[in-house]
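Fold and geometry: a report
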Amino acid sequence: MVVVGGGASGYMGAICAAEEGVSSILILESTVKPLEKVRISGGGRCNVTNATWDPSDLVLNYPRGEKELCGPFNSFSAIETVDWFHNHGVQLIAEDDGRMFPVENSSSSIIQCLVRASKRAGIVLHNQTMVTRVKQIAADDFLIYTRKGLVCHARKILLSTGGHPSGYRIASAFGHTVIKPLPSLFTLNLDAPWITKCSGIAVDNILIKIKISGKIFQHKGELLITHWGVSGPVVLKLTAFAARELKANFYRSELIVNWLGDPQINQVKNLLIDFRSKYARYSIAKKRPYLNLPRRLWLSILEQIKCDSTIRWAECSSKMIYLLSNALVSSTYPIAGKGPFGEEFVCAGGVALSEIHFATMESRLVKGLFLVGELLNVDGVTGGFNFQHCWTSGWLAGKGIARSLGDETVGMKMDL
Ligand SMILES: Cc1cc2nc3c(=O)[nH]c(=O)nc-3n(C[C@H](O)[C@H](O)[C@H](O)COP(=O)(O)OP(=O)(O)OC[C@H]3O[C@@H](n4cnc5c(N)ncnc54)[C@H](O)[C@@H]3O)c2cc1C
């Protein structure tokens, strides 16, 4: 078995196959550093998975792949990932928001775990070996060509090249459709001069919405105001789900923000009218009706509706109450473009999912070719979901390869 690409999904596939008894496994990695993305992930801490235990909730975090991952997650989901790493010597712990990290809080413990398990299983790694072409010459016989001129045979191929174009080329040469990759998980630049005054403010439970290409995308969560626009988990989630539509519209649209999360305009209006009579003598700038909105943001909202912040609540006209209610539940800001990527840089796009058997990750077009990880048209939102897909697809492929090699592997299963 030859694994093309020594990243998270390739290592997982190789180790699982070996532990199921597959012998003679070779990982070909183009760089000097396998598992490099694991190293830099999660700010060097590696957000391995997410404590979303129910597979039907887990799939909701994949803008592309939601339907196809139902089956795989019923076999190997977040809880199996935690068990797998535990059985291989790494304990994972969840943070309040569900993200799971190794207890040592460093990605190096994940790298050491995968490298140790692969060495123990006798898997051979060739660094600096870029695969340029893979050709099937007979059933269960592939020829692998590398840039160094090395040519080797393999009975099974695990293609795990991430988002590298060479992997897409290899898959296309086998007849696979590659959906053009485009950015997912990015921040938004807003054409809203008030924004710089609020940069650095993070507010939770904000509902944001985009109406684009006849569709409505909306998500609720923590929003971070930056110097140029907005970021934070809720923005990364929105841009992941609306990635294709935003790209098609040249990243121009309007962002509708409900600063209060849910309430309807009438509810807010009534609350503000009560507030006005109760705190008539107080300054509108100082006495805030919604304490979850920081003062700087409150002042900015007043400025946006051209409300003089030196007045007292008693002087706030009914028209002003209406404008304020409207600004609190549906402020609209022009989107001026795509901002920088979030920490987890991933692409939407890759090998078409209809061409993969999701029980084993084997290609529906080429028997013996297995495709996993980011190479596929699957991407998750931020929070450990992208690695979860790598562990799941790698695990399924490893098992699938072992099963397809059949009798030769029977009785050779490794004891952990
Ligand atoms: C900065 C950053 C932080 C991230 N943090 C997180 C996080 O905390 N949690 C999370 O869930 N996700 C995170 N992600 C996303 C996650 O890293 C990826 O989803 C994941 O690494 C994909 O794994 P993979 O095995 O499919 O591909 P990769 O990790 O990209 O591995 C592919 C490997 O194949 C090699 N390769 C490519 N082409 C060839 C070839 N032709 N021949 C030989 N070798 C080849 C590459 O050099 C690479 O080593 C982060 C991504 C980035 C960029």
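Please refer to the structure placed before this passage.
Since the model is a prediction, treat every value here as computed from it, not as a measurement.

Digging into the overall build of the protein
When you go through the protein residue by residue, the secondary structure sums to 13 helices and 19 strands. In terms of principal-axis extent, the alpha carbons of the protein reach across some 85 × 40 × 35 Å. Here the protein holds 416 residues, and 45% of them are scored as buried. The contacts in the protein between residues at least 6 apart in sequence include a share of 76% that link residues at least 24 apart.

A closer look at the sheet that holds strand β3 (residues 49-50)
Backbone hydrogen bonds are what pair the strands of a sheet, in a parallel or an antiparallel way. If you trace the three strands from one edge of the open sheet to the other, you get β3-β5-β4, paired in antiparallel fashion. Because the sheet does not close on itself, it has two edges, and the strands there are β3 and β4 (92-94). By the bridge criterion, two bridges tie β3 to strand β5 (residues 99-102) in an arrangement that is antiparallel. Within β5, the residue paired with asparagine 50 across the bridge is arginine 99.

Side note on helix α12 (residues 318-330)
With 13 residues, α12 extends 18 Å between its outermost C-alpha atoms, agreeing within 8% with the 18 Å of an ideal straight helix rising 1.5 Å per residue. All of the buried residues in α12 are Ile321, Leu324, Ser325, Leu328 and Val329. Taken end-on, α12 shows its buried residues confined to a sector of 115°, consistent with a single buried face. Contacts from the buried residues of α12 go to β15 (253-258), α10 (265-278) and α11 (295-304).

A short note on the site of the ligand
Near the ligand lie 39 residues; those nearest to it are Gly5, Gly7, Gly42, Gly162 and Gly373. Secondary structure elements with two or more residues in the shell around the ligand: α1 (8-19), α2 (36-44), α7 (165-173), β16 (331-351) and α13 (385-405). The element best represented in the shell around the ligand is α2, accounting for five residues. Classifying every residue of the shell around the ligand by side-chain character gives 14 nonpolar, 19 polar and six charged.

About the criteria used
Residues numbered from 1 in each chain as written. Predicted model: local features only at pLDDT ≥ 70, side-chain atom pairs only at ≥ 80, totals over all residues. Helix = DSSP H or I, 4+ residues; strand = E, 2+ residues; numbered from the N terminus. Buried ≥ 20, exposed ≤ 12 C-beta atoms within 10 Å, placed from the backbone. Contact = placed C-beta atoms within 7 Å. Pairing = 2+ DSSP bridges. Expected span 1.5 Å × (residues − 1). Arc of directions from axis to C-beta. Near = placed C-beta within 6 Å. Nonpolar A, V, L, I, M, F, W, Y, C, P; charged D, E, K, R; others polar.

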